[in-house]
Amino acid sequence: MKFLTWVFKILFILTFFHLFSLAQEPQAAPESICAEADRLALLGFKAKILKDTTDMLSSWTGKDCCGGGWEGIECDPATGRVNRLILQKPSERDTSIYMKGIISPTLGDLHFLETMIISGMKHIGGTIPVSFSNLTRLQQLILDDNSLQGYIPSSLGHLSSLQTLSLGGNHLSGQIPSIIGNFKNLQQLSLAGNLLKGPMPIAFKNLGNLQSLDLSHNLLSGLVPDFLGQLQNLTYLDLSSNQLSGQIPIPLCNLVKLSFLSLDHNRMTGTIPSQIGKLKALTSLSLSFNKLTGQIPESIAGLPNLWNLSLSRNDLLDPLPIAFSKGLPSLLSIDLSYNNFNLVTVPEWIRNRELSDVNLAGCKLRGTLPNFTRTDSLNSIDLSDNAFTDGISNFFARMSSLQKAKISNNRLKSDVSMIKLPDGISSLDLHSNQLFGSLSRVLSNKTSKFLEAIDVSNNQLSGNIPEFANGLNLKVFNLGSNKIAGQIPTSISNLDKLEMFDISRNQITGTIPIGLGSLVKLQWLDLSINIISGKIPDSLLAIESLRHANFRANRLCGEIPQGRPYNIFSKAAYAHNLCLCGKPLPPCKGKKQEKLGQ
């Protein structure tokens, strides 16, 4: 043993002098030095990744991890030690780019690491390694949008230098550990989008430097604690989509730097405190989907920077504050939908403002649709579930920036062909009205390529399904419960982005076009309660993403396509046809006889 000790000492001395001599040589670039311990730690991580469609780790070859060739690796030029590990998916939309495996404990050997970002890989699972407690120089730990499981390890409490901790978008469970209170330098904390439960730990009050706190989309319960009002540096607070209850604590109104506050989708009760008017820096206030009562406090009108006010889905009462007519100079977006308001007409201070989003669904509005004076600023509007009867034909005419419109479940009577739509509209929902006429002008060669969703179901439309031109980008097309006749046009195959196709409860005749099977992105297909004949074409087997299909109550005959998902849908999806057979229905007669002959 003594002999081995001396060997290690000699090797250490030789290594020291070798590195010292390299440091003295001017021709040796310092970034070419790579500590062997760091290289082995990174290769240990690479070994735990079973699949890498990002192709980042393919660059991790050779002995020099600091030479600039290892993607996502940066080193301190003075020490030659790895200080930044950044593996971040460039595009959130591209689901084909990911890493699959676990985070190796060997990364805990990167003792000089200051930044670790392994984000957006979706399929990196396992637990957060306990060995991360060794990363005492770590300032940023970002592991969001992966598939990490288990508890947040208490050993992370040793990372006293942390300024950013982001573990959002994983499957972490258990309670938030109180050790997070040890992070005295922490400025940003995000644990959003996990399965965390229980109350917020009282240790949070120690986070005096905290600027951003996001605990949204978890299972947190209990009261919103008063001690959050002590975090005087908070500018961002998101506690939405949890199970929090009780009243909005008045101490929150002491956070004078707060610019974003969201408590929506919880179980909050009581009134909105009038002291909320003290939050002069507030730009966005979202209290929707709670059980708040009483009136909206007048003090909100005195918030000079507030551009977003969302109070929908509560039990708030009339009248709206008079002060709103002259206050809220920065307001751009307002949502008062589904409360106990009986507005009758859209208030003048809403109609005359330069707003981008107006949501007044379920506010007991009636009569003619409102005349907005600043129509060119409107981006989205929702006036559904009211009692409007007139004014739809020219309502959209001057809304040049409108992208989304929802005026469903009203009493609008109009020829749909007379409705003038903006060129840039992407989503139009007019279901459950009393519209009539043909869709031929709404969907034609002039139809905007921006249009992605149209729902005119449950009206009194007639005529045929119009032909579909090339280049349309429709994803949702719902004509259900009308008086549409004729056949499904073969040009349906042009809608290669279609995800929902519903023509149920009409008077459609003819057969199911074979080209319907080319719509491989289709997830919802409903052809039920029509007069469609022929067979269900086998070409539909190409639609592997289909989650719902209904062929009920037609005149279809022949064998149901024998492949998933068609042969595992319920029998009800095929009931009341002429002679459909094959799974999930009884076998076809020909098939039965064939088996007997064998």
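These remarks concern the structure in this document. Just so we're clear, the structure is a prediction, and the values are computed from it rather than from any experiment.

### Observations concerning the pattern of salt bridges
Line of reasoning, step 1. In this structure the tally under the stated criterion is five salt bridges.
Line of reasoning, step 2. The residue arginine 84 makes a salt bridge to glutamate 74 at a minimum N-O spacing of 3.0 Å. Within this pair, whereas arginine 84 is found in strand 3 (residues 81-88), its partner glutamate 74 is found in strand 2 (residues 73-76), the two being separated by 10 residues in sequence.
Line of reasoning, step 3. The exposure class of arginine 84 is partly exposed, given its relative accessible area of 28%.
Line of reasoning, step 4. The exposure class assigned to glutamate 74 is partly exposed, which follows from its relative accessible area of 40%.
Line of reasoning, step 5. When the shortest N-O distance is used, the salt bridge between arginine 374 and glutamate 354 registers 2.8 Å. Of this pair, arginine 374 sits in the loop between strand 22 (366-368) and strand 23 (380-382) while glutamate 354 sits in the loop between helix 3 (348-351) and strand 21 (357-359), placing them 20 residues apart in sequence.
Line of reasoning, step 6. According to the relative accessible area criterion, arginine 374 is partly exposed, its value standing at 36%.

### Some thoughts on the state of the cysteines
Line of reasoning, step 1. Scanning the entire structure with this criterion turns up four disulfides.
Line of reasoning, step 2. Note on cysteine connectivity: cysteine 66 is disulfide-linked to cysteine 75, with sulfurs 2.0 Å apart. Across the disulfide from cysteine 66 to cysteine 75, rotation about the S-S bond amounts to roughly -80 degrees, and the bridge is consequently left-handed. For the pair formed by cysteine 66 and cysteine 75, the shared burial category is buried.
Line of reasoning, step 3. Across the disulfide, cysteine 581 is cross-linked to cysteine 588 (sulfur-sulfur distance 1.9 Å).

Reading guide: rules and limits
- Residues numbered from 1 in each chain as written.
- Predicted model: local features only at pLDDT ≥ 70, side-chain atom pairs only at ≥ 80, totals over all residues.
- Heavy atoms only, no water.
- Salt bridge = Lys/Arg side-chain N within 4 Å of Asp/Glu carboxyl O.
- Helix = DSSP H or I, 4+ residues; strand = E, 2+ residues; numbered from the N terminus.
- Buried < 20%, exposed > 50% of the residue type's maximum accessible area, 1.4 Å probe, protein only.
- Disulfide = S-S within 2.5 Å.

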